[in-house]
Amino acid sequence: MTTNDSGSAPKPPAKDPWDLPDVSDLTIGVLGGTGPQGRGLAYRFARAGQSVIIGSRAADRAQAAADELGHGVRGADNAACARDSDVVIVAVPWDGHAKTLESLRDEL
Ligand SMILES: NC(=O)c1ccc[n+]([C@@H]2O[C@H](COP(=O)([O-])OP(=O)(O)OC[C@H]3O[C@@H](n4cnc5c(N)ncnc54)[C@H](OP(=O)(O)O)[C@@H]3O)[C@@H](O)[C@H]2O)c1
């Protein structure tokens with residue numbers, strides 16, 4: 001490791017907390033987005049201007065939740081949600097994580 005004159009490691013340059021990557025074009029998918037946690041996240045991301053897809057094991061349930069939330073939120077089955085999203089949030093109960101993610105291996 002390189003050290004400065006005082007023998008200690010040099011400090012990294014200060015970071016600007018606002019110097020963040022532009023994510024405005026990314027689509028956020030919420031697997032299991034029909035539940036309270038997923039709906040809450042989907043609503044807030046959509047309100048912030050993000051493109052959001054709610055996923056469900058049943059496309060019609062996802063569509064109903066999306067229609068209820070508005071703000072451009074779309075609904076799809078979990079596979080289409082995973083396939084068409086850039087960032088995916090897993091909002092299904094813990095017991096369902098492994099089976100859900102294994103079934104979506106290709107889409108993810
Ligand atoms: N609710 C909260 O306030 C809260 C707070 C912190 C953390 N969390 C965590 O966030 C996650 C979601 O919470 P939640 O309260 O929204 O859960 P939830 O209502 O029980 O489930 C969310 C959705 O997951 C799907 N789902 C249910 N069982 C499933 C299974 N075995 N396999 C695949 N999908 C299944 C269902 O959607 P479909 O039937 O439409 O597929 C359901 O609407 C959980 O891990 C929870 O611990 C929740």
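Anyway, here's the lowdown on the structure attached to this text. Counting starts from 1 at the beginning of each chain's written sequence and moves along it residue by residue. Reporting of local features is limited, given that this is a predicted model, to residues whose pLDDT is at least 70; pairs of side-chain atoms are given and counted only at 80 or more, and all residues count toward the totals for whole chains, interfaces and linings. With hydrogens and water excluded, all non-hydrogen atoms of the structure serve as input to the side-chain values.

Some points on the packing of helix α1 (residues 36-47) against helix α2 (residues 59-69)
Lines fitted to C-alpha atoms define the axes here, with helix axes fitted over just the stretch in contact, and angles between the N-to-C directions of these axes take values from 0 to 180 degrees. Helix and strand definitions follow DSSP, with helices as H or I runs of at least four residues and strands as E runs of at least two, each counted in order from the N terminus. Running from N to C, α1 and α2 cross one another at 45°; their axes reach a closest spacing of 10 Å. Put simply, α1 runs oblique to α2. With respect to the hand of their crossing, α1 and α2 are arranged in right-handed fashion. On α2, the residues that touch R39, A42 and Y43 of α1 are A65, E68 and L69. For this classification, Asp, Glu, Lys and Arg are treated as charged, while Ala, Val, Leu, Ile, Met, Phe, Trp, Tyr, Cys and Pro are nonpolar and the rest, including Gly, are polar. Of the residues belonging to the contact of α1 with α2, the class tally is four nonpolar, no polar and two charged. Angles below 35 degrees are treated as roughly parallel, those above 145 as roughly antiparallel, those between 65 and 115 as roughly perpendicular, and all remaining angles as oblique. For a crossing to be left-handed, the near helix must be turned anticlockwise from the far one by less than a right angle; the clockwise case is right-handed. Contact criterion: two residues are considered in contact whenever any of their non-hydrogen atoms come within 4.5 Å of each other.

Quick look at the environment of G49
Mapped onto the secondary structure, G49 falls in the loop between α1 and β2 (51-56). Separated by 13 residues in sequence, G49 and P36 place their C-alpha atoms 20 Å apart.

Remarks on the sheet that holds strand β3 (residues 74-77)
Taking strand neighbours across the sheet as the criterion, the four strands line up as β3-β2-β1-β4 in an open arrangement whose pairing is parallel. With one partner strand each, in any of the chains shown, β3 and β4 (87-90) form the two edges of the open sheet. Here the strands of the sheet are splayed against their neighbours by 25° on average, with no regard to which way each runs. Paired strands, in this sense, are two strands between which DSSP finds at least two bridges. Examined bridge by bridge, β2 and β3 share four bridges and lie parallel to one another.

A closer look at the side chain of S56
Structurally, S56 is set in strand β2. Among residues more than four places away in sequence, those in contact with S56 are T34, R61, A62, A76, D77 and N78.

Side note on the environment of E68
In this fold, E68 is placed in helix α2. Taking the relative accessible area as the measure of exposure, E68 reaches 61% and is therefore exposed. The buried label goes to any residue with under 20% of its type's maximum accessible area, the exposed label to any with over 50%, and the partly exposed label to all in between, with areas taken from a 1.4 Å probe on protein chains only.

Comments concerning unusual backbone geometry
The phi torsion at H71 lies on the positive side, around 55°, for a residue other than glycine. You can see H71 is positioned in the loop between α2 and β3. Judged by its relative accessible area of 47%, H71 falls in the partly exposed class.

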